[in-house]
Amino acid sequence: MSLTRREFLAVPAALAAGSMLPAGLFAAVVSETPAMPDLSDWGKVRAQFVLDPAYSHFASFFISSHPAPVRDAIEAYRRAIDRNPFLTVEQAMFEDVEHNLPIKVATEIADYLGGRAQDVCLTRSTTESLALVYHGLPLKPGDEVLCTTHDHYSHHESIRLATARAGATMRKVPLFEDAAQATTESIIARLRQAIGPKTKAIGLTWVHSSSGIRLPVREITAALRASGEPPLIILDGVHGLGSVDETVATMGVDFFCAGTHKWMLGPRGTALVWANAQRWAQLRPTIPNFTDMESYEAWMADREPATPNNAARMAPGGFHAFEHQWGAAAAFRMHRQMGKAKVAARIRSLNDQLKEGLAKNPKVRMHTPRSGDLSAGLVAFEVDGLKPNEVVQQLLARNIIASTSPYAITYARLAPSLVNTPEEVDKAVKAVREISG
Ligand SMILES: Cc1ncc(COP(=O)(O)O)c(C=O)c1O
């Protein structure tokens, strides 16, 4: 993040101390926020959610139920804003670095991603992140953006709208015919073959919500770099962030876009883009920001910003549901306390269990690779003789919440996550057996 207004204006410390803000406003927020609970076993983690106990929730990746630490953080910030809207928002957004909450949130996120706070751009959804990146690319007529047939609506539409505006084109290629049979080598070979002389950027999805496959992103980026400087790689990482043990900042992608309101368990309406300083400098902002001092000073002086573009300049400005944006830090703290590796291992073991159970059912066809190395928290499948929405309806009748994939080719999905237990997974396997006859 760049300078705050106070820092830029170099307010002397004595004056800063005499800020309009009542002393202790943020101290009150801290004192009203309970300490991070004990999360040392999965029962204690599950207890942080107020999910309806009448159901087994296997679609939590769709949108998060806020766990207690996130609810508490949101509530403490909401109370502070309701008590003192102007003073709270003014200080949190525009005054000293110590109290600047977007910087605090970006710092927590950067710690999790393995990057720098100033390279984290706060947004409100994966959709918004993707749109900002693609619309920010310096595309020209004749340029092409390559993506895959497997990406989400939000991703394809971001590319379609951005390329149409620039007079550029988009092209979608399949990375496999059957996700369950795909291999790292076959995926890399398909992608390599698809890159053409006009390709300026490649859009990929880490964990596909269509089939549940997890692309071997590290291997892909390393292979593409091994044969020269590849086009910019833009990753929709929403179903990997918070479910996979990875260091995002070193995966080799140029722009990483993800909501934090799915697997990260963050406040609904929170998301991010990560890129390094060199990549941020290549983009053009679309929406005026409230976080980059140089943008504001340039506007005041009626000139263009004089410094290279950066993450803070890309963050959509305007006033938002700040209690949600600021509360996102609690989700990252919660993940740090649970441990990235432990979270990933738990999700993997529940998904392995589910796949093993479904594989014994001859009426089930799974589309997700069996190996946890090429999958994460989603299992996509079909049941002989039933449409995917019929599978979901029949599971719902047994109090099991599943979902269908919102793609032209649709499957039923079960997504075991931190809110589930091995017993619930067994129950889901049994229920699928019952409905498959
Ligand atoms: C792969 C993928 N990308 C993007 C999105 C949209 O996410 P958001 O709601 O954060 O915009 C979804 C929705 O679930 C998704 O599955």
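Calculation rules
Residues numbered from 1 in each chain as written. Predicted model: local features only at pLDDT ≥ 70, side-chain atom pairs only at ≥ 80, totals over all residues. Heavy atoms only, no water. Pairing = 2+ DSSP bridges. Helix = DSSP H or I, 4+ residues; strand = E, 2+ residues; numbered from the N terminus. Contact = heavy atoms within 4.5 Å. Axes fitted to C-alpha atoms, helices over the stretch in contact; angles between N-to-C directions. UniProt positions renumbered as here; feature names shortened; annotations may be inferred. Domains from an automatic or database assignment. Buried area = accessible area lost by both parts, 1.4 Å probe. Near = heavy atom within 4 Å. Polar contact = N/O pair within 3.5 Å; in protein donor to acceptor, adjacent residues only side chain to side chain. Areas by Shrake-Rupley, 256 points an atom, 1.4 Å probe, with all protein chains shown as cover. Nonpolar A, V, L, I, M, F, W, Y, C, P; charged D, E, K, R; others polar.

Enquirer: Explain the sheet that holds strand β9 (residues 364-366) here, please?
Expert: Sheet strands pair by backbone hydrogen bonding; their relative direction is either parallel or antiparallel. With respect to topology, four strands assemble into an open sheet ordered β9-β10-β13-β12, the strand pairing being antiparallel. In the strand order of this sheet, the two ends are held by β9 and β12 (403-404), each with one partner. With two bridges joining them, β12 and strand β13 (residues 412-414) adopt antiparallel strand pairing. Counted as the bridge partner of T404 is A412 from β13. Against the sheet, helix α16 (residues 340-359) makes contact with β9, β10 (379-383) and β13, and its axis sits at roughly 15 degrees relative to β10, the strand it touches most. Sitting on the sheet, helix α18 (residues 422-436) touches β9, β10 and β13, and the angle it makes with β10 is about 20 degrees.

Enquirer: In this structure, what is going on with the UniProt feature "domain: Aminotransferase class V" (unreviewed entry) in the protein? I would like to understand it.
Expert: Taking the UniProt record as the reference, the feature "domain: Aminotransferase class V" (unreviewed entry) is found at residues 105-403. Along residues 105-403, the helical share is 40% and the strand share 15%, with 31 Å between the first and last C-alpha atoms.

Enquirer: Before we go on, may I ask you to explain the domain arrangement of the protein in this structure?
Expert: Much of the literature gives interface size as the accessible area that the parts lose upon coming together. Each domain of the protein was delimited in the assignment, giving domain 1 (108-337) and domain 2 (340-436). The straight-line distance from the C-alpha centre of domain 1 to that of domain 2 is 28 Å. Taken together, the contacts link 29 residues of domain 1 with 27 residues of domain 2. Interface of domain 1 and domain 2: buried area, both sides summed, is about 2,000 Å²; carbon and sulfur atoms make up 59% of it. Contact with domain 2 buries surface across domain 1, with S210, R214 and W263 losing the most and accounting together for 26% of the total.

Enquirer: Just to check I follow, could you spell out the site of the ligand for this structure?
Expert: Around the ligand lies a shell formed by S125, T126, T127, H152, S154, S209, D236, V238, H239, H261 and K262. Here an oxygen atom of the ligand sits 2.7 Å away from a polar atom, N or O, in the side chain of H239. H261 has a polar side-chain atom sitting 2.7 Å from an oxygen atom of the ligand. Contact with the protein chains hides 87% of the accessible area of the ligand, taken as 400 Å² for the molecule alone. When the residues that make up the shell around the ligand are grouped by side-chain class, the tally is one nonpolar, eight polar and two charged.

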